[in-house]
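Results of the structural survey
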Amino acid sequence: MFSLAIMLVSVYLVRTGLNYLLVTKDIWPEAEDPAKFLELNHIIAVVLGELYVIGFVTAIKLVIDWTIEKQRNEDLAKLQMSTELKYLRTQIQPHFFFNTLNNLYALTLKKSDNALRLIIKLSDMMQYILYEVKSSKASLLKEINHINNFIDIERLRFDDRVDAEMDITGGIEDICVPPLLFLSFVENCFKHGMKENDQLKIKMSFDVLNNGYLEFTLINNFNPKATEYIASGIGNENAKRRLKLLFSNNFVLESKVEGNTYKLFLKIPVQ
């Protein structure tokens, strides 16, 4: 405050003095005597004018700085979200590839004809994950094909013990969704639903609504012994974190266990 006062006094003296010496003696037309430009009224008038100019220029600078900082923060937030999404996607299914390679090894030892089919399916999945999924959105149609590939591979592992159904309602050709999101839920069916000799039943549905939302429902038989494993797993927490980053609070993710049945419901915007 003291520095501002000193600055204003200095500006007043320099500005008024130069005007008086170089431009005109009539510095303050309101005064009868030109020498009275040093009176308090004239000083206040000039200082208020200078404060107006300083305030106006300062406001412009603050707006420019705020705009630059806002853009910088938005760029950092986008970069952070993109980085975190990439990190979360890397956690989705490493153990699936490990189990599949072990199964491929066993089929190779048996010289089974399923080994070649497994290699082709696994190659398609790896190509999709490594090369085709490069952004935060992917075609729902490709995601469904990817899920079918995954289930086919699991069928090769468990023979005829996998019974999976899928219902699709509405047009899905132009719908885009977060990549590999639904696959993480389907993968949980095999982790938590398979028992030693029982059959795994999976029923899932994709329903594209007219209001621009997609509803995904997944129901599978459930192994009660897997309850503790679910509570400590990262699958659903990973999915929630991704959904939060992509859609803020504009989504619904619910899951529950009823007896020996696990039910999951997801609703996300797609337009």
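Further up the page is the structure itself.
Heads up: these notes are all about the structure in this document.

Definitions and limits used
Counting restarts for each chain: residues are numbered from 1 in the order of the written sequence. Only residues with pLDDT of 70 or above have their local features reported here, since the model is predicted, and side-chain atom pairs are shown and tallied only from 80 upward, although totals for entire chains, interfaces and linings are computed over all residues. Side-chain numbers here rest on the full set of heavy atoms in the structure, without hydrogens or water. Grouping buried Ala, Val, Leu, Ile, Met, Phe, Trp, Tyr and Cys residues that are joined through side-chain atoms within 4.5 Å yields what is termed a nonpolar core. A simple rule labels every residue: compare its accessible area, found with a 1.4 Å probe on the protein chains alone, to the largest value its type can have, and call it buried under 20%, exposed over 50%, or partly exposed in between. Counting from the N terminus, the helices are the DSSP runs of H or I reaching at least four residues and the strands are the DSSP runs of E reaching at least two. Any two residues whose heavy atoms approach within 4.5 Å at even a single point are treated as in contact. Axes here refer to lines fitted to C-alpha atoms; in helices the fit is confined to the stretch in contact. Angles between the N-to-C directions go from 0 to 180 degrees. For classification purposes, angles smaller than 35 degrees are called roughly parallel, those larger than 145 roughly antiparallel, those between 65 and 115 roughly perpendicular, and all remaining angles oblique. Crossing chirality is assigned from the near helix's rotation relative to the far helix, an anticlockwise turn below a right angle marking it left-handed and a clockwise turn marking it right-handed. Basically, the charged four are Asp, Glu, Lys and Arg, the nonpolar ten are Ala, Val, Leu, Ile, Met, Phe, Trp, Tyr, Cys and Pro, and anything else, Gly included, counts as polar. Here a patch means residues that are over 30% exposed by relative accessible area and free of salt bridges, tied together within 9 Å if like-charged and within 5 Å if nonpolar (Val, Leu, Ile, Met, Phe, Trp, Tyr). In this description, accessible areas are obtained by the Shrake-Rupley approach with a 1.4 Å probe, and a residue is regarded as covered only by the protein chains that are shown. Criterion for a salt bridge: a side-chain nitrogen of Lys or Arg within 4 Å of a carboxyl oxygen of Asp or Glu. Strand pairing follows a simple DSSP-based rule, namely that at least 2 bridges must link the two strands.

**Digging into the nonpolar core**
By size, the foremost hydrophobic cluster in this structure holds 46 residues, and its most contacted members are Phe182 and Leu266. Put simply, the parts of the chain that give this core at least two residues each are helix 3 (94-109), helix 4 (114-132), helix 5 (140-158), helix 6 (181-193), strand 4 (200-208), strand 5 (213-221), helix 8 (235-247) and strand 7 (261-269). Element by element, the count of residues in this core is highest for helix 5, at eight residues. Non-local contacts of Phe182, meaning those with residues more than four positions away in its chain, are made with Leu140, Ile147, Val177, Phe206, Leu214, Phe216, Leu266 and Ile268.

**Description of the packing of helix 4 against helix 5**
It is at 10 Å that the axes of helix 4 and helix 5 come closest, and there the two elements cross at 150°. On the basis of the axis angle, helix 4 is roughly antiparallel to helix 5. Read as a crossing pair, helix 4 and helix 5 show a hand that is left-handed. Note on element contacts: helix 5 touches helix 4 through Lys142, Glu143, His146, Asn149, Phe150, Asp152, Ile153 and Leu156, opposite Asn114, Arg117, Leu118, Lys121, Leu122, Asp124, Met125, Tyr128, Ile129 and Glu132. Split by residue class, the contact of helix 4 with helix 5 holds eight nonpolar, three polar and seven charged.

**A few points about a nonpolar patch on the surface**
Among the surface-exposed residues, Val53, Phe56, Val57, Ile60, Ile64 and Ile68 lie close enough to one another that they form a single nonpolar patch of about 550 Å² accessible area. Along the chain, Ile60 falls in helix 2 (residues 40-90). Given a relative accessible area of 38%, Ile60 falls into the partly exposed group.

**With respect to the pairing of strand 7**
By the bridge criterion, nine bridges tie strand 5 to strand 7 in an arrangement that is antiparallel. Opposite Thr217, over in strand 7, you have Phe265 as the bridge partner. Here seven bridges tie strand 6 (residues 252-258) to strand 7, and the two strands are oriented antiparallel to one another. Paired with Ser255 across the strands is Leu264, a residue of strand 7. The hairpin formed by strand 6 and strand 7 contains two residues between the paired strands, and Gly259 there has a positive phi angle of roughly 65°.

**Quick look at unusual backbone geometry**
At Leu180, a position not held by glycine, the phi torsion is positive, near 65°. Within the fold, Leu180 resides in the loop between strand 3 (176-177) and helix 6. Leu180 sits in the buried class, given a relative accessible area of 3%. At Ser248, a residue that is not glycine, the phi angle is positive and equals roughly 55°. Secondary-structure assignment places Ser248 in the loop between helix 8 and strand 6. Judged by its relative accessible area of 43%, Ser248 falls in the partly exposed class.

**Digging into the pattern of salt bridges**
A full pass over the atoms with the stated rule returns five salt bridges. For Asp152, the salt bridge identified is with Arg155, shortest N-O distance 3.3 Å. On the criterion of helical spacing, the pair formed by Asp152 and Arg155 is a turn pair, its members being three residues apart in helix 5. A network of salt bridges, in which partner residues are shared, links Lys121, Asp152 and Arg155.

**Some thoughts on the sheet that holds strand 5**
Read from one edge to the other, the open sheet built from five strands follows the order 2-4-5-7-6, with strand pairing classed as mixed. Every other strand in the sheet has two partners, leaving strand 2 (162-169) and strand 6 as the edge strands with one partner each. Going from strand to strand, the sheet's axes swing by 10° on average, the running direction of each strand aside. Note: strand 4 against strand 5, seven bridges, orientation antiparallel. Residue pairing across strands places Asp207 opposite Glu215, the latter belonging to strand 5.

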